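Each chain, letter by letter, is given below.
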Amino acid sequence: MAKKLIELNTDKEERAFLVVVWKKQDGRLSGEEEELKALAVSAGCSICGGIYLGVERVSPALFIGRGQAEEVAKTAREKKGEVIIFNIDLSPVQQANLEEVMGIKTIDRTQLILDIFAKRAKSSEGKLQVELAQLEYLLPRLKGKGIMLSRLGGGIGTRGPGEKKLEIDRRRISERIRRLKKDIKEISRHREVLRQRRQKTNIKVVSLIGYTNAGKTTLFNLLSFSLQKAEAALFTTLDPLSRKVRIEGQEIILTDTVGFIKNLPPKLREAFAATLEELKFSHLLLHIVDASGEDPEGNIEAVEKIIDILGLEGKKRILVFNKIDRLIPSRRNRLEIKFPAAVFISARTQEGIEKLKKKMGSLLCSSLVRLKVQIDASSQKLNLLSQYATIIKVENDGFSRLAVEIEIEEERLGWLRQEGFEVFSH
């Protein structure tokens, strides 16, 4: 049975009715409704209401039951909703059928995030990446006239570089996707050239990562004396920002990156691969957490999962709890007990910043050596190696051996040999 979720009105353009769905056997996830509301507001619409829906089993045709769909439509019309937004990803068939049953524009979580990305993208690279993700999302949804082709009037879900191409056919969209991938590959090659120049100067790179709206840009501004836009909205930073800064006497490159989110859609991750690839070459990651958020531990887990997916689990990192000026003492004490190695700061009041800088300086001053090791392709040693070294490149000799280029602290060279790695200089 559905129940009312939200009653909130803002002076925005499009009235959105939110639908938070969960599988009954899994139970409801913490913070789902708040995250969906924040995403919708970031996309530029007002929230006119919403409902929770539990489903016994997923319907291939609608995801939810037909009776539930009719109830959503009835309530959304009563609230004068112009767009219905689901917190889940819908298949092309489910999305088309839901729109037909409900008679109101319906979008899913991925399309909502794409819309925000289209709104935030400023650089040519960011626009290319967003357009690629939009077109790959659109392609399987073009059938006959295409449900999305009939909605060219604009609004949430139709914004951005991909909008002007919605009227073209599948073949031309496929050609455009191939072109975008080629252009993004060129960007990746350009990044590689810049990276090689940077490596010759031995300047270390520190990247800020974390859940979206954790305060990364505010901290970036503080550490780099910059004036980048920072606001309480999701995905404020989409294009990476880099500045040379001095930390504890060392010159480093500090990079602010796009915020992560739970269940980051794979197509978005693929589209932004060229950008996220930069994280692999960072010497240190600052994992920023909003300590005052509703579910900081859940957000940490979500980011750690993406770190694993990106192959960054062996990278040095500091867990940084931000916004501690908003915490009551008991909550801060609980977090300090659970995460004793973390640094607690407020980028707004600057509390804890000096402690963070000292820890950064300590981790960055370790002497790094770049070399190659050979391992058996069938062994588990690559995973072991990633826990203590930064993996730069892995090459297969075509037989059963892997040549792995790594960066590792000089004091760990003895450990390499002790573990049986075959070491030779680069």
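**Q** What is the right way to look at the overall build of the chain in this model?
**A** On a plain count of helices and strands, the chain comes out with 14 helices and 15 strands. Per-residue burial for the chain yields a buried fraction of 53% across its 426 residues. Restricting the contact set of the chain to residue pairs at least 6 apart, pairs at least 24 apart contribute 71%. When the accessible surface of the chain is summed, it comes to about 20300 Å², and 50% of that surface belongs to carbon and sulfur atoms.

**Q** Mind showing me how you'd approach the environment of Glu405 here?
**A** Here Glu405 shows up in strand E14 (residues 401-409). For Glu405, a relative accessible area of 6% corresponds to the buried category. In sequence terms Glu405 and Lys393 are 12 residues apart; their C-alpha atoms lie 5.0 Å from each other. For Glu405, the side chain forms a polar contact with the side chain of Arg370, separated by 3.2 Å.

**Q** What should I look at first to understand the pairing of strand E3 (residues 45-55) in this one?
**A** Here is the key point about a regular strand: its side chains alternate between the two faces of the sheet. With respect to burial, E3 is a largely interior element, 11 of its 11 residues being buried. Pairing geometry for strand E2 (residues 14-23) and E3, over 10 bridges, is parallel. Each residue of the ladder has a partner; that of Val19, found in E3, is Ile51.

**Q** Please clarify how the pattern of salt bridges should be interpreted in this entry.
**A** If the charged atoms of two oppositely charged side chains come close together, the side chains can form a pair. A complete count under the given rule lists 25 salt bridges for this structure. The salt bridge partner of Lys74 is Glu78, with a shortest N-O separation of 2.8 Å. Here Glu78 and Lys74 lie together in helix H2 (residues 66-78), a separation of 4 residues that amounts to about one turn. Of the two residues, Lys74 and Glu78, neither departs from the other in class, the shared state being exposed.

**Q** Explain the packing of H2 against helix H3 (residues 92-102) to me, please; I cannot follow it from the model alone.
**A** Helices that pack against each other are described as a pair by the angle of their axes relative to one another and the distance between those axes. Between H2 and H3, the least distance of the axes is 9 Å, while the angle of their chain directions is 55 degrees. Classified by the angle their axes make, H2 and H3 are oblique. Helix-helix and strand crossings are classified by hand; for H2 and H3 the assignment is right-handed. Where H2 approaches H3, its residues Arg66, Ala69, Glu70, Val72, Ala73 and Arg77 are matched on the opposing element by Leu98, Val101 and Met102.

**Q** I keep staring at the sheet that holds strand E9 (residues 284-290) and nothing clicks. Help me out?
**A** Strand order in the open sheet formed by 6 strands is E7-E8-E6-E9-E10-E11, with mixed pairing between adjacent strands. The sheet is open, and its two edges are formed by strand E7 (241-247) and strand E11 (343-344), each paired on a single side. With 5 bridges connecting them, strand E6 (residues 204-210) and strand E8 (residues 250-256) associate as parallel partners. Opposite Leu208, over in E8, you have Asp256 as the bridge partner. Its contacts with the sheet put helix H10 (residues 296-309) on E6, E9 and strand E10 (317-322), and the angle it makes with E9 is roughly 150 degrees.

**Q** I keep staring at the nonpolar core and nothing clicks. Help me out?
**A** Most often, soluble globular proteins have nonpolar side chains that are buried together. By size, the foremost hydrophobic cluster in this structure holds 39 residues, and its most contacted members are Ile85, Phe260 and Leu279. Among the elements of the structure, E2, helix H1 (32-42), E3, strand E4 (83-86), helix H4 (109-120), helix H5 (124-138) and H10 are those that each provide at least two residues to this core. Sort the elements by how many residues they give to this core and H4 lands first, with 6 residues. Once residues lying within four places of it in the same chain are set aside, the contact partners of Ile85 are Ala16, Phe17, Leu18, Val19, Leu36, Ala40, Cys45, Ile107 and Leu112.

**Q** Can you walk me through the packing of H1 against H4 in this structure?
**A** In contact at an axis separation of 9 Å, H1 and H4 are set at 40 degrees when each is read in the N-to-C sense. As summarised for this structure, H1 and H4 are arranged oblique, according to the angle between their axes. H4 is crossed by H1, and the crossing has left-handed handedness. On the side of H1, the interface is formed by Glu35, Leu36, Leu39, Ala40 and Ser42, while H4 contributes Arg109, Leu112, Ile113, Ile116, Lys119 and Arg120. Looking at side-chain class alone, the contact of H1 with H4 contains 6 nonpolar, 1 polar and 4 charged residues.

**Q** I tried to follow the environment of Glu99 on my own but got confused; where do I start?
**A** Within the secondary structure, Glu99 is located in helix H3. Glu99 sits in the buried class, given a relative accessible area of 11%. Residues Glu99 and Leu62, spaced 37 residues apart in sequence, show a C-alpha to C-alpha distance of 9.6 Å.

**Q** Would you explain the packing of aromatic side chains in this entry?
**A** Aromatic rings in a pair are described by how distant their centres are and how their planes are angled relative to each other. Taken as a whole, this structure holds 3 aromatic pairs when the rule is applied. Arranged with centres 6.4 Å apart and planes meeting at 80 degrees, the rings of Trp22 and Tyr52 form a pair that is edge-to-face. In this pair, Trp22 is assigned in strand E2 and Tyr52 in strand E3, connecting sequence segments 30 residues apart. You can call Tyr52 buried: its relative accessible area is 9%. Ring plane angle 50 degrees and centroid distance 5.2 Å describe the contact between Phe321 and Phe339, whose orientation is recorded as tilted. Here the residue Phe321 occupies a position in strand E10, and Phe339 occupies one in the loop between helix H11 (329-338) and E11, the gap between them amounting to 18 residues. The same class applies to Phe321 as to Phe339, namely buried. Site record: aromatic cluster; members linked through ring pairs are Phe321, Phe339 and Phe344. If you follow Arg141 out to its NZ or CZ, it ends over the ring of Tyr137, 3.8 Å from the centre.

Thresholds, definitions, all that
One numbering rule holds for all chains: residues counted from 1, following each sequence as written. Only residues with pLDDT of 70 or above have their local features reported here, since the model is predicted, and side-chain atom pairs are shown and tallied only from 80 upward, although totals for entire chains, interfaces and linings are computed over all residues. Just so you know, side-chain values use all the structure's heavy atoms and leave hydrogens and water out. The secondary structure listing takes helices from DSSP runs of H or I that are at least 4 residues long and strands from runs of E that are at least 2 residues long, numbered from the N terminus. Only protein chains enter the accessibility calculation, which uses a 1.4 Å probe. A residue is then buried if its area is under 20% of the maximum for its type, exposed if over 50%, and partly exposed in between. Whether two residues are in contact is decided by their heavy atoms, any of which lying within 4.5 Å being enough. Per-residue and other accessible areas were derived by the Shrake-Rupley procedure at a 1.4 Å probe size, with only the shown protein chains allowed to occlude residues. Side-chain atoms alone can form a polar contact between residues adjacent in sequence; in general such a contact is a pair of N or O atoms within 3.5 Å, and within protein one must be able to donate a hydrogen while the other accepts it. A pair of strands is considered paired only if DSSP assigns at least 2 bridges between the two. Salt bridge, as used here, is a side-chain nitrogen of Lys or Arg placed within 4 Å of a carboxyl oxygen of Asp or Glu. Angles run from 0 to 180 degrees between N-to-C directions of axes, and those axes are lines fitted to C-alpha atoms, restricted for helices to the stretch in contact. Roughly parallel means an angle under 35 degrees; roughly antiparallel means over 145; roughly perpendicular covers 65 to 115; every other angle is labelled oblique. Should the near helix be turned counterclockwise from the far one by less than a right angle, the crossing is left-handed, whereas a clockwise turn marks it as right-handed. Buried residues of nine kinds, namely Ala, Val, Leu, Ile, Met, Phe, Trp, Tyr and Cys, make up a nonpolar core once their side-chain atoms join them within 4.5 Å. Side-chain classes follow a simple rule in which Ala, Val, Leu, Ile, Met, Phe, Trp, Tyr, Cys and Pro form the nonpolar group, Asp, Glu, Lys and Arg form the charged group, and the remainder, Gly included, forms the polar group. Side-chain rings of Phe, Tyr and Trp, where Trp is taken by its six-membered ring, are said to pair if the distance between their centres is within 6.5 Å; with planes under 30 degrees apart they count as stacked, over 60 as edge-to-face, and otherwise as tilted. Put simply, a charge is over a ring when the Lys NZ or the Arg CZ is close to the ring centre, within 6 Å, and near the line of the ring normal, within 35 degrees.

Function-wise, these values are silent; they only describe arrangement.
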